[in-house]
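Residue-level structure breakdown
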There are 4 protein chains.
Amino acid sequence: MTLAMTASEVMDYMAEEFPQVRDDFAIDALGEDRLTMRLLVDDRHLRPGGTVSGPSMFALADCAVYAMVLARVGRKALAVTTSCSMDFMRKPAAGVDVIAECRLLKLGRALAVGDLLLYSAGQEAPVARATMTYSIPPDTGVK
Amino acid sequence: MTLAMTASEVMDYMAEEFPQVRDDFAIDALGEDRLTMRLLVDDRHLRPGGTVSGPSMFALADCAVYAMVLARVGRKALAVTTSCSMDFMRKPAAGVDVIAECRLLKLGRALAVGDLLLYSAGQEAPVARATMTYSIPPDTGVK
Amino acid sequence: MTLAMTASEVMDYMAEEFPQVRDDFAIDALGEDRLTMRLLVDDRHLRPGGTVSGPSMFALADCAVYAMVLARVGRKALAVTTSCSMDFMRKPAAGVDVIAECRLLKLGRALAVGDLLLYSAGQEAPVARATMTYSIPPDTGVK
Amino acid sequence: MTLAMTASEVMDYMAEEFPQVRDDFAIDALGEDRLTMRLLVDDRHLRPGGTVSGPSMFALADCAVYAMVLARVGRKALAVTTSCSMDFMRKPAAGVDVIAECRLLKLGRALAVGDLLLYSAGQEAPVARATMTYSIPPDTGVK
């Protein structure tokens, strides 16, 4: 169980596919089944009042699990989100980054499951939790 | 069981709070426990390849249930999303609007539950399903 | 899109695998992408006070989607539940059957998604909603 | 943030309401926002082949969060499950207890959210994850 890509390789690959990724997200830490991703909070992620929007938190959770799966299976796979559950528990702090702590619970041949807690930077109580499920298509041999 | 606001009153109210709402969403139909909302698809909602992004579909589902709850309870309440589950079943068609058919399953004193199917305009099979749960704070007396 | 098995063939097959199925469940109706299943409510499904327990409603939802998938793909597949989301909206009526109205939203090669509303028999407002996702293993050739 | 009830007080209270609780569940550990509950696996929890059934895992997750909430708020509240999401990731080992590690993510005035990982006793990889949301009714003053 080693990683197929480093954090910067993952970011490079995601930025090729989704150019805006570098403006929105950064990987703070990457381990064999853990990844920490940061939403680089900017005006476009905010609701009036300064709180981070639900869709921005969804995007962070989705991107964190995608990055974690990529780091493990490498470029060959094109994983697709199949389901998501989220609970929004506290109002995010105004104008600070949101940090997603992702744990990869399963990486099977067909399905990957990642669990996340989201925090406002510098705060102890999570603002949200999420689970994202990815479908991993049969190996297409593109390495 | 009548509506507290019309579709255009709901849109006006949401646009006061969230200025970008008018660019992104339109209410196609509103009934006592049903609402049809359209994501006015634009470049900013798309992934490379032209498919509508997950966060945009999340935003549509979230906004549709919020509008449905507003239409029923009126301006007095400030509903907050507490949880969400989504299943992504098919790739949205490239460059066409996404339509959310929302059904209000419950409107209690403290919680509202809305169920949604999302369709690419003109297609029969749903691209996604979602359930959004809103917490309705105790009446603040602002009528 | 025709059915691979009739309602009674589905019940026979499930009863072979899970003997208690016949005591707990009955199929009221079966169509190409719709199935109505009834929980034959008995003391063992009840909480004190006479209300149907959460685990019994989960079992009904799970079994209904399994039956729907079986009816479509036939005996060859051994589908496995991979995820579930449920919302409990109202207290079930005491001592009456619970009816699950299932709609098959997707039947792909690898994943099936079924959506359900659960009702206390004779009542209009749903007591719960559920989505069950099943993983369908690669065809084993047993036809 | 201290506990309102000890583990044995929680079990006594649950057994008053749900007599079968003692046969099915035991609390292995209880902390301020953590609870470990064990499903005392018996034939009635098993599927053919010896694996623990989905409804039994649902019941364990539901009961663990209920116990955690009780331990914090005490007898005065009658919490009710409002929503649940579960992912089933691996087949439970045959004939061994299932252990739920519950973490209380939020205990608000109206809503409690508990997150769980479920393990087959003695195994490292979780068999399932779950989130249960409980609604806490306004204080009825019954202490």
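Quantities reported herein were computed from a predicted structural model and do not represent experimental measurements.

On to the overall build of chain A. A count of helical and extended segments in chain A gives 3 helices and 6 strands. Along chain A, from the amino end to the carboxyl end, the secondary structure elements read α-α-β-β-α-β-β-β-β. The C-alpha atoms of chain A give 15 Å as radius of gyration, which agrees with the globular expectation for 143 residues (15 Å, within 12%). For chain A, the spread of C-alpha atoms along the three principal axes comes to 50 × 25 × 25 Å. Contacts in chain A between residues far apart in sequence, at least 24 positions, make up 64% of those at least 6 positions apart.

Glancing now at helix α3 (residues 54-73) of chain C. Residues and elements named next belong to chain C. For α3, which comprises 20 residues, the first-to-last C-alpha distance of 29 Å matches the rise-based estimate of 28 Å (1.5 Å per residue) to within 8%. Taking burial as the measure, the 20 residues of α3 include 19 buried ones, the bulk of the element. Just downstream of α3 lies Gly74, where phi reads positive at about 80°.

Turning our eyes to something else, we now look at the environment of C:Phe18. Relative to the assigned elements, C:Phe18 resides in the loop between α1 (7-17) and α2 (21-24). Since 16 C-beta atoms lie within 10 Å of it, C:Phe18 is described here as partly exposed. Ignoring sequence-local partners within four residues, the contact set of C:Phe18 consists of D:Arg47 and D:Pro48.

Ordered in space as β1(C)-β2(C)-β4(C)-β5(C)-β6(C)-β3(C)-β3(D)-β6(D)-β5(D)-β4(D)-β2(D)-β1(D), the 12 strands form an open sheet in which the pairing is antiparallel. One side of each edge strand has no neighbouring strand; the edge strands of this open sheet are β1 (25-30) of chain C together with β1 (25-30) of chain D. Across the sheet, the mean angle from the axis of one strand to that of its neighbour is 20°, orientation sign disregarded. In this sheet, strand β5 (residues 111-120) of chain C lies alongside strand β4 (residues 98-107) of chain C in antiparallel orientation, the contact comprising 9 bridges.

Pairing in this open sheet of 12 strands is antiparallel, and the strands run β1(A)-β2(A)-β4(A)-β5(A)-β6(A)-β3(A)-β3(B)-β6(B)-β5(B)-β4(B)-β2(B)-β1(B) from one edge to the other. A strand with exactly one partner marks an edge of an open sheet, and here the two such strands are β1 (25-30) of chain A together with β1 (25-30) of chain B. In this sheet, neighbouring strand axes are inclined to one another by 20° on average, regardless of whether the strands run parallel or antiparallel. When β1(B) meets strand β2 (residues 34-39) of chain B, the two strands line up antiparallel, connected through 5 bridges. Across the sheet, residue B:Ala26 finds its bridge partner in β2(B), namely B:Arg38.

This part covers the relation of the copies chain D and chain C. Expressed as a screw transformation, the operator carrying chain D onto chain C has a rotation angle of 180° and an axial translation of 0.0 Å, and the superposed copies differ by an RMSD of 0.0 Å. Accordingly, the operation relating the two chain copies is best matched by a two-fold axis. When C-alpha distances to the rotation axis are compared across chain D, the minimum falls at D:Ser85, with a value of 2.1 Å. Here 100% of the contact residues of chain D are again contact residues in chain C; the copies associate through an equivalent surface.

All names here are of chain B. Here helix α1 (residues 7-17) crosses helix α3 (residues 54-73) at 115°, and the two axes come no closer than 10 Å. Between α1 and α3 lies a crossing whose hand is right-handed. Counted together, Val10, Tyr13 and Met14 of α1 and Ala67, Leu70 and Ala71 of α3 form the full contact between these two elements. In terms of residue class, the contact of α1 with α3 is made up of 6 nonpolar, no polar and no charged.

Once that is clear, we can look at the pairing of strand β4 (residues 98-107) of chain A. All names here are of chain A. Across 6 bridges, the pairing between strand β2 (residues 34-39) and β4 is antiparallel. Bridging across to β4, Arg34 finds its partner in Arg103. Adjacent in sequence and paired antiparallel, β4 and strand β5 (residues 111-120) are bridged by 3 residues.

Moving on to the interface of chain B and chain D. Contacts between chain B and chain D engage 7 residues on the former and 7 residues on the latter. Breaking the side of chain B that touches chain D down by element, the ones donating at least two residues are β3 (80-88) and β6 (128-135) of chain B. For the side of chain B that touches chain D, the element with the highest residue contribution is β3(B), accounting for 3 residues. Partitioning the side of chain B that touches chain D into residue classes produces 2 nonpolar, 5 polar and no charged.

Here we take up the interface of chain D and chain C. Taken together, the 17 residues of chain D in the interface contact 17 residues of chain C. Mapped onto the side of chain D that touches chain C, the elements with two or more residues apiece are α3 (54-73) and β3 (80-88) of chain D. If you tally residues by element for the side of chain D that touches chain C, the top one is β3(D), at 8 residues. Its residues assigned to classes, the side of chain D that touches chain C comprises 8 nonpolar, 5 polar and 4 charged.

The next thing to look at is the confidence of the model for chain A. Where the model shows low pLDDT, its predicted coordinates should not be examined in detail. Mean pLDDT over chain A stands at 91; residues scoring 70 or higher make up 94%. Under the prediction, the complex receives an ipTM of 0.92, its pTM being 0.94.

Here we take up the packing of α3(C) against α3(D). Between α3(C) and α3(D), the least distance of the axes is 9 Å, while the angle of their chain directions is 145°. Crossing handedness for the pair α3(C) and α3(D): right-handed. Between α3(C), through C:Gly54, C:Pro55, C:Phe58, C:Ala59 and C:Asp62, and α3(D), the contact on the second element is made entirely by D:Gly54, D:Pro55, D:Phe58, D:Ala59 and D:Asp62. Partitioned by chemical class, the residues of the contact of α3(C) with α3(D) number 6 nonpolar, 2 polar and 2 charged.

Before going further, it helps to examine the environment of C:Tyr13. Residue and element names in this part refer to chain C. Mapped onto the elements of the fold, Tyr13 is located in helix α1. The partly exposed category is assigned to Tyr13, around which 17 C-beta atoms lie within 10 Å. As for Tyr13 and Thr36, which are separated by 23 residues in sequence, their C-alpha atoms are 17 Å apart. Aside from chain neighbours lying at most four places away, what touches Tyr13 is Leu70 and Arg75.

Criteria and cut-off values
Residues numbered from 1 in each chain as written. Chains lettered and ligands numbered in written order. Predicted model: local features only at pLDDT ≥ 70, side-chain atom pairs only at ≥ 80, totals over all residues. Helix = DSSP H or I, 4+ residues; strand = E, 2+ residues; numbered from the N terminus. Rg over C-alpha atoms; globule rule 2.2 N^0.38 Å. Contact = placed C-beta atoms within 7 Å. Expected span 1.5 Å × (residues − 1). Buried ≥ 20, exposed ≤ 12 C-beta atoms within 10 Å, placed from the backbone. Pairing = 2+ DSSP bridges. Axes fitted to C-alpha atoms, helices over the stretch in contact; angles between N-to-C directions. Least-squares fit on C-alpha atoms with pLDDT ≥ 70 in both. Left-handed = near helix turned anticlockwise from the far one by under 90°. Nonpolar A, V, L, I, M, F, W, Y, C, P; charged D, E, K, R; others polar. pLDDT = per-residue confidence, 0-100.

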